[in-house]
Amino acid sequence: MDARAILARLRKGDSLSADHYGWFARGLADGTVSDAQAGAFAMAICKSPIGRDGRVSLTHAMRDSGQVLDWDLPGPVLDKHSTGGVGDTVSLPLAPALAACGAYVPMLSGRGLGHTGGTLDKMEAIPGYRAILGNAELARVVRDVGCAIVGASGEIAPADKRLYAVRDVTSTVESIDLITASILSKKLSEGLDGLVLDVKTGSGAFMEDPADALALAKSLVDTAQGAGCRCTALLTDMSQPLAPSAGNALEVIEAMEILTGAGGSDRLRRLVLALGGELLALGGLVANAAEGEAKIDSAFTSGAAAEVFGRMVATLGGPTDFTARWRDRLPSAPVLVEIRPKRPGYIASIDTRALGEAVVHLGGGRLVQSDKVDPAVGLSAIAGIGDRVDPEVPLARIHARDEDSARAAAEVLHDATRVSEAPVAPPDLIQERIA
Ligand code: URA
């Protein structure tokens, strides 16, 4: 077998076998396949979709190009994947809640990408927290604590890493087949029994258009099931930040409010319950998602989820008293500014991507890969769609390192938010379930 023969089949419209995909993925990982060949492969799939069998084979091939975790645990191994957004801190309360309900969660997470926040950056806002573990330590923490929210250290799906970089510069990121295999090859490397997908749609989402997001959600569910992993997806709203805070330490605060019952965002809590309910049902720990939601809810009210989170933080080098003293332990920014609306009214729409970009420019994300993230900066008290704003109720609070960056963020915030005189109905949070 060689790359030219595989590419010739794709050019002629012939399907590839699992062996072809396996050969190509190994070649991507070990360098046998050149960048030119990888680009041709991506473009061919972009132009001629490969169908469910092709997606399953490509997913397996890219997964098997690296390490695949293998578990021997007394409960199901579960995880969630989100296509990313702003103010989306679901992972932080969800992982310990699932663990408190009897699941095991090796939550391999990423850093901020573009305008979207990254779970690892949020966890690293907790002083001392070590987010990068070797596989042996990851296995130990998952077994002992029940969950680990960490980054992948070993070689997880190296074929995807290479192909993704090539897609980025050959205008082939948009292919649903390639996105599906890319996301699932990494997630299925975790050795999962069940996976729930949170596919976002709206102004802050990777796929803004609801029809595109739905097509991706269906492709992901169909392919994961074909690859032997129980899977459902929720199509959820990202036309506004999920929780009213965006920025690393500020989002940890949102998560701690849910975990400790200190209030917190209703939208965030509802989505954590819905995704957790799906996962407990997929893992066979409850009969259906509604029962699962109730079980996750009681993990919050009983304090069991907070206790697991505290143990995970302490085990991974964070403060041993974090669940009791999180308000004192998290960093805060020196400049705090409340942004008032130019006129009173109701929030009609939000350019959520612009808000995410504002957080990046405050220092909460990276403009170039080598940038160091400032954990303290960001936005809080962001008014949501349908909320009334007036001189007493701000559009948001800006947490900045200095006055200049706060001023720049204020301008973005005004431009990104449309206020109407008439009341506005907020969008549905959960728009569709795909099973
Ligand atoms: N996220 C991924 O991991 N892969 C893609 O192709 C797109 C988004």
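Residues numbered from 1 in each chain as written. Predicted model: local features only at pLDDT ≥ 70, side-chain atom pairs only at ≥ 80, totals over all residues. Heavy atoms only, no water.

Concerning the overall build of the chain
- When helices and strands are tallied, the chain shows 17 helices and 12 strands.
- Over its C-alpha atoms the chain spans a radius of gyration of 22 Å, differing by no more than 12% from the 22 Å that the globule rule assigns to 435 residues.
- When its C-alpha atoms are laid out on the principal axes, the chain stretches across 70 × 45 × 40 Å.
- The contacts in the chain between residues at least 6 apart in sequence include a share of 77% that link residues at least 24 apart.
- Carbon together with sulfur atoms contributes 49% to the accessible area of the chain, which is approximately 17,200 Å² in total.
- Of the charged side chains in the chain, 43 are positive and 55 negative, and the gap between their average positions amounts to 2 Å. (Helix = DSSP H or I, 4+ residues; strand = E, 2+ residues; numbered from the N terminus. Rg over C-alpha atoms; globule rule 2.2 N^0.38 Å. Contact = heavy atoms within 4.5 Å. Areas by Shrake-Rupley, 256 points an atom, 1.4 Å probe, with all protein chains shown as cover. Lys, Arg positive; Asp, Glu negative; His and termini not counted. Charge placed at Lys NZ, Arg CZ, Asp CG, Glu CD.)

What about the domain arrangement of the chain?
- Along its sequence, the chain is carved into domain 1 (3-63), domain 2 (78-156 + 168-176 + 186-326) and domain 3 (335-420).
- Domain 1 and domain 3 are separated by 43 Å when their C-alpha centres are compared. (Domains from an automatic or database assignment.)

Focus: helix α7 (residues 135-145)
- Restricting attention to buried positions, one finds in α7 the residues Leu 138, Val 141, Val 142 and Val 145. The buried residues of α7 occupy an angular sector of 95° when projected down its axis, which confines them to one face.
- Contacts from the buried residues of α7 go to α5 (91-100), β2 (105-108), β3 (147-150) and α14 (304-315).
- Just downstream of α7, Gly 146 is the residue with a positive phi angle, here 110°. (Buried < 20%, exposed > 50% of the residue type's maximum accessible area, 1.4 Å probe, protein only. Arc of directions from axis to C-beta.)

Some points on the sheet that holds strand β11 (residues 417-420)
- Within the open sheet, the three strands sit side by side as β9-β7-β11. Their pairing is antiparallel. In this open sheet, the two strands that pair with only one neighbour each are β9 (388-389) and β11.
- Looking at chain direction, strand β7 (residues 345-350) and β9 are connected through two bridges and run antiparallel. Within the sheet, the bridge partner assigned to Gly 345 lies in β9 and is Val 389.
- Packed on one face of the sheet, helix α17 (residues 403-416) meets β7 and β11 and runs near 50° to β11. (Pairing = 2+ DSSP bridges. Axes fitted to C-alpha atoms, helices over the stretch in contact; angles between N-to-C directions.)

A short note on the site of the ligand
- Close to the ligand lie Tyr 164, Arg 167, Ile 179, Ser 182, Ile 183, Lys 186 and Phe 206.
- Contact distances for the ligand include 2.6 Å between an oxygen atom and a side-chain N or O atom of Lys 186.
- The fraction of the free accessible surface of the ligand (240 Å²) that becomes covered by protein chains is 85%.
- Broken down by element, the shell around the ligand gets its largest block of residues, four residues, from helix α9 (residues 176-188).
- Considering only residue class, the shell around the ligand consists of four nonpolar, one polar and two charged. (Near = heavy atom within 4 Å. Polar contact = N/O pair within 3.5 Å; in protein donor to acceptor, adjacent residues only side chain to side chain. Nonpolar A, V, L, I, M, F, W, Y, C, P; charged D, E, K, R; others polar.)

Examining the packing of helix α16 (residues 352-364) against α17
- At a minimum axis distance of 9 Å, the contact between α16 and α17 shows a crossing angle of 175°. In terms of orientation, α16 and α17 fall into the roughly antiparallel class. Along the contact surface, α16 presents Ala 354, Leu 355, Ala 358 and Leu 362, while α17 presents Ser 405, Ala 406, Ala 409, Val 412, Leu 413 and Ala 416.
- Looking at side-chain class alone, the contact of α16 with α17 contains nine nonpolar, one polar and no charged residues. (Parallel < 35°, antiparallel > 145°, perpendicular 65-115°, else oblique.)

Details of α14
- For α14, with 12 residues, the first-to-last C-alpha span of 17 Å sits near the 16 Å given by 1.5 Å per residue.
- Residues of α14 that are buried: Ala 305, Ala 306, Val 308, Phe 309, Gly 310, Met 312 and Val 313.
- Backbone geometry just after α14 places Gly 317 at a positive phi near 95°. (Expected span 1.5 Å × (residues − 1).)

Side note on the packing of aromatic side chains
- All told, the structure shown has three aromatic pairs when counted by the stated rule.
- Seen in terms of ring centroids, Phe 24 and Phe 41 are 4.0 Å apart; in terms of plane orientation they differ by 15°. Their pairing is stacked. Placement of the pair is Phe 24 in helix α2 (residues 18-30) and Phe 41 in helix α3 (residues 35-47), with a sequence separation of 17 residues. Side by side, Phe 24 and Phe 41 carry an identical accessibility label, which is buried.
- With centroids separated by 6.5 Å and ring planes inclined at 45°, the aromatic side chains of Phe 309 and Phe 322 adopt a geometry described as tilted. (Phe/Tyr/Trp six-rings, centres within 6.5 Å; stacked < 30°, edge-to-face > 60°.)

Concerning the sheet that holds strand β12 (residues 430-434)
- Overall, mixed pairing links the four strands, which are arranged β1-β4-β5-β12 in an open sheet. Both outer strands of the open sheet, β1 (78-82) and β12, are each paired with one neighbouring strand and no more. Ignoring which end each strand starts from, the neighbouring axes of this sheet average 20° apart.
- Bridging between strand β4 (residues 194-201) and strand β5 (residues 230-237) involves eight bridges; their strand directions are parallel. For Lys 200, the partnering residue across the bridge sits in β5 and is Thr 236.
- On top of the sheet, helix α10 (residues 210-226) reaches β4, β5 and β12; it is set at about 170° to β5, its chief contact.

Re the pattern of salt bridges
- Applying the stated criterion to the full structure yields 30 salt bridges.
- A salt bridge links Lys 187 to Glu 190; its shortest N-O distance comes to 3.2 Å.
- With a relative accessible area of 1%, Glu 190 lands in the buried category.
- Asp 198 is paired through a salt bridge with Lys 200; the nearest N and O atoms lie 2.8 Å apart. Side by side, Asp 198 and Lys 200 carry an identical accessibility label, which is buried.
- A cluster of three or more residues bridged by salt bridges with shared partners is formed by Arg 52, Arg 55, Asp 177 and Asp 222. (Salt bridge = Lys/Arg side-chain N within 4 Å of Asp/Glu carboxyl O.)

Here's the deal with unusual backbone geometry
- The residue Ser 171 is not glycine, and still its phi comes out positive at about 60°.
- Considering the arrangement of structural elements, one finds Ser 171 in the loop between α8 (158-169) and α9.
- Look at Ser 171 and you get exposed, because its relative accessible area is 60%.
- The backbone of Ala 381 sits at a positive phi, close to 50°, despite the residue not being glycine.
- Along the chain, Ala 381 falls in the loop between β8 (378-380) and β9.

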